[in-house]
Amino acid sequence: MNPEETQIKFPFWQYLNQPLLGTEKLPILNPRRFSQIYRIELLERCWKKECDAKGPY
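In this report, the structure presented in the accompanying data block is examined. (Residues numbered from 1 in each chain as written. Predicted model: local features only at pLDDT ≥ 70, side-chain atom pairs only at ≥ 80, totals over all residues. Heavy atoms only, no water.)

### Description of the overall build of the chain
Okay, so step 1: The helix and strand tally for the chain stands at three helices and zero strands.
Okay, so step 2: For the chain, the sequential pattern of α-helices and β-strands runs α-α-α.
Okay, so step 3: Of all 57 residues assigned to the chain, the portion counted as buried reaches 12%.
Okay, so step 4: In the form shown here, the chain has an accessible surface area of approximately 5900 Å², with 60% of it arising from carbon and sulfur atoms. (Helix = DSSP H or I, 4+ residues; strand = E, 2+ residues; numbered from the N terminus. Buried < 20%, exposed > 50% of the residue type's maximum accessible area, 1.4 Å probe, protein only. Areas by Shrake-Rupley, 256 points an atom, 1.4 Å probe, with all protein chains shown as cover.)

### Brief notes about the pattern of salt bridges
Okay, so step 1: Within the structure shown, the criterion is met by one salt bridge.
Okay, so step 2: K25 is the partner of E41 in a salt bridge, and the nearest nitrogen-oxygen pair spans 2.7 Å. Of the two residues, E41 is situated in helix α3 (residues 31–48) and K25 in the loop between α2 (12–16) and α3; the sequence distance between them amounts to 16 residues.
Okay, so step 3: For K25, a relative accessible area of 42% translates into the label partly exposed. (Salt bridge = Lys/Arg side-chain N within 4 Å of Asp/Glu carboxyl O.)

### Considering the side chain of Q18
Okay, so step 1: On the secondary structure map, Q18 appears in the loop between α2 and α3.
Okay, so step 2: A distance of 3.1 Å separates a polar side-chain atom of Q18 from the backbone oxygen of Y15.
Okay, so step 3: Of note is the side chain of Q18, whose polar atom sits 2.8 Å from the backbone nitrogen of I28. (Polar contact = N/O pair within 3.5 Å; in protein donor to acceptor, adjacent residues only side chain to side chain.)

### Looking at the layout of surface pockets
The rolling of a water-molecule-sized probe over the atoms marks out the regions of remaining empty space.
Okay, so step 1: Taken as a whole, the largest pocket encloses approximately 200 Å³ of empty space.
Okay, so step 2: Lining the largest pocket we find Q14, Q18, P19, K25, L26, P27, I28, F34, I37, Y38 and E41.
Okay, so step 3: Partitioned by chemical class, the residues of the lining of the largest pocket number seven nonpolar, two polar and two charged. (1 Å grid on protein atoms, 1.4 Å probe; cavity = no way out; pocket = protein on both sides within 12 Å on 5 of 7 lines; lining within 4 Å. Points joined across faces, edges and corners; volume = space filled by probe spheres on them. Nonpolar A, V, L, I, M, F, W, Y, C, P; charged D, E, K, R; others polar.)

Encoded structure:
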C-alpha cells in the first residue's frame, strides 16, 4: 500500500459536528489540534474493539 492510501484524511465532518455547548467535552477550535485528538481517539476505539481470531482463517 502507498502511504497516500493509508494516511487518515482530515475528519472534516466530525470537526464541523462538534457540540459547542456540551458539558461533557469542550469543542476544539484549532483544526490541527482536533485532528491530533481525533487520531488518538480513533486509535483508542480500534484498540478496544474485540477481534475474533478463532475464525476459519
